[in-house]
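In case you want the letters, here they are:
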Amino acid sequence: MKIYNTLSRKKETFKPIEKDFVSLYTCGPTVYNYAHIGNLRTYVFEDIFKRTLLSNGYKVKHVMNITDVGHLTSDEDEGEDKMDVAVAREKKTPEEIADFYADAFKEDISKLNILQPDIWCKATEHIADMIKLVERIEKNGYSYVGKNGNVYFDTSKFANYGNFAKLDLDNLQSGARIEIDEDKKHPRDFVLWFLTKGSKFKGHILKWNSPWGEGWPGWHIECSAMSIKYLGENFDIHCGGVDHISIHHTNEIAQAEAATGKKWVNYWLHGEFLIMKQGKMAKSVGNFVTLKSLTDKNYDPLAFRYMCLNTHYRKKLNFDWEGLDSARNALSTLRENIRILKETDGLKTAQEKIEDYRSKFLDAINDDLNMPRALEVVWKLIREEEHINNQKKYEILLEFDKILGLDLGRIETSSKIPKEIDALIKKREEYRKKKDWEKADEVREEIRKKGYIIEDAPEGIRVKPI
RNA sequence: GGCGUGGUACCCAAGCAGCAAGGGAGCGGUCUGCAAAACCGUUAUGCGUGGGUGCAACUCCCACCCACGCCUCCA
């Protein structure tokens, strides 16, 4: 399969370090608030990627972190800690906040049919690993202690700093948007370990002892430390959002490689943003839409998943409600077709035709996860009239769904129809038998008002909640 | 100011040198007592604008316009 590697800015043929085995690290959520659908788009992309790896026969070891250490509102040694803000807002302990939002996150991804990682790792449970990594960096001479006592990474010592993000270091306007920190040798240096004592922000709750004094870890160190712990000093793939390329991942690479002295990650994949009319969605901007706000409006979470699949992961996705409606309708037609295929038979099967569809589908997903093209194959197969029988179509579509994750086999059952509605349906049937259409239509309208739609399909009556 | 991405029908969106995928919506039709669902047909001589290279350009090159992202925590 081919994937676009941010390291080379090219599509590359994927070759894992170990045959048939893939080590995968995906940047996880910060848990001081709900995830929004922009965050979730990235996890959907990563899920499609993981499912594609699995369908190519790889065993995948997937690690995802949970950032339950607060981030400062600025990467400098100032600003409030977001976790502390949540603590003040919700009057809970940091642990309670973190657990609450981590659970909410897991619920969200489960609703989106996203496969769980093999290992969840919480930052607060790996402070010792982070300290060890900072010590290695220190021992190798890549760090210094500022006047305020914070430990900084010395980017000038790391020869390839910024190559990953193609940063033009000479032309970066440091301080253009943020205050230059006097304690750093260079504005682009970043904190490995914050010291409580030196911090301008005094109310910080989470803190630990370290060789440099009591404090808390710099933001970037957690991913480096935990991924190395679970996947080794050199592993296959690291994923995240595009916003992380220039700072977070650039710094992670610097730290990890300064500590180990070897190449850290072979492939980097980044998902593009979901944006609204007024720009990107961000927790810090506060213009975010959660999955719950979708389900509150009776959208199937998988309609959002379909919406994500309709655009390539490296392209910005414009979110609006019309677009979500469009995805919902498409998914519903798709499911309806699957149901019909399951329940009916058709023409004779031409095996070579099936193989043709299968290979086109696999070509699409293996070409840097081209899901719009994969969906095209799905629709063409659905509407294929000539050569493939319905049972075969049904089988192969469910096979495709192992990657799409749209739960296409799900059938909107009539099983939970209340007795009251059931009685009305019987009543309507009686009118229909007598050809009293007026009365029958009245009953249909009554059923509709109670929230159900009746369809007189050729094979019988179907009832669906609206 | 620097770096980057993108502008394809009413909307979303593939394609990226050789007859412009797919979905949604609209319209017309088949089916139906009527609906609904489903299906069929239909909607870009055109791919932001202006130049250039090529037998051939949405696809390559140059300029310009517009939008968005990153350079600050952020998916």
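Treat the numbers as computed from the prediction; the structure is a model and nothing was measured. (Residues numbered from 1 in each chain as written. Chains lettered and ligands numbered in written order. Predicted model: local features only at pLDDT ≥ 70, side-chain atom pairs only at ≥ 80, totals over all residues. Heavy atoms only, no water.)

### Quick look at the side chain of H126
Inclusion rule: Counting from the N terminus, the helices are the DSSP runs of H or I reaching at least four residues and the strands are the DSSP runs of E reaching at least two. Whether two residues touch is decided by their heavy atoms; if any such pair falls within 4.5 Å, the residues are in contact.
When you line up the elements, H126 lands in the loop between strand 5 (119-122) and helix 4 (127-139). Not counting chain neighbours up to four residues away, the residues in contact with H126 comprise C121, M226, K229 and Y230.

### Quick look at the nonpolar core
The test is simple: Working definition of a nonpolar core: buried Ala, Val, Leu, Ile, Met, Phe, Trp, Tyr and Cys residues. They are joined through side-chain atoms within 4.5 Å. Relative accessibility decides the category of a residue: with a 1.4 Å probe and only protein chains considered, values under 20% of the type maximum give buried, values over 50% give exposed, and everything between is partly exposed. Boundaries of every domain are those given by an automatic assignment or by a domain database.
Formed by 72 residues in total, the largest nonpolar core has its most connected members in F49, I237, F304 and L404. Formed jointly, this core draws a minimum of three residues from each of two domains, domain 1 (2-271) and domain 2 (296-304 + 318-404). Non-local contacts of F49, meaning those with residues more than four positions away in its chain, are made with M1, I3, L24, I237, C239, L269 and L369. Counting 39 residues, the second largest nonpolar core, distinct from the first, contains I131, I137, I221 and I245.

### Looking at the environment of E376
Locating E376 in the fold gives a position in helix 11 (residues 371-382). Classification of E376 by relative accessible area gives partly exposed; the value is 40%. Distance from E376 to H238, taken between C-alpha atoms, is 29 Å for residues 138 residues apart in sequence.

### A look at the packing of helix 4 against helix 6 (residues 245-260)
Which entries qualify depends on this criterion: Angles here are taken between N-to-C directions and fall from 0 to 180 degrees, while the axes themselves are lines fitted to C-alpha atoms, restricted in helices to the stretch in contact. Should an angle lie under 35 degrees it is considered roughly parallel, over 145 roughly antiparallel, and from 65 to 115 roughly perpendicular; all remaining angles are considered oblique. Handedness of a crossing is defined here by the sense of rotation of the near helix relative to the far one, left-handed for an anticlockwise turn of less than a right angle and right-handed for a clockwise turn. Polarity classes work like this: nonpolar for Ala, Val, Leu, Ile, Met, Phe, Trp, Tyr, Cys and Pro, charged for Asp, Glu, Lys and Arg, and polar for all others, with Gly in that last group.
Relative orientation of the contacting elements helix 4 and helix 6 amounts to 70°, with a least axis distance of 8 Å. As the angle between them shows, helix 4 and helix 6 are arranged roughly perpendicular. Once helix 4 is placed against helix 6, the crossing between them reads as left-handed. Residue-level contacts link L133, R136 and I137 of helix 4 to Q255, A259 and T260 of helix 6. Counted by class, the contact of helix 4 with helix 6 contains three nonpolar, two polar and one charged residues.

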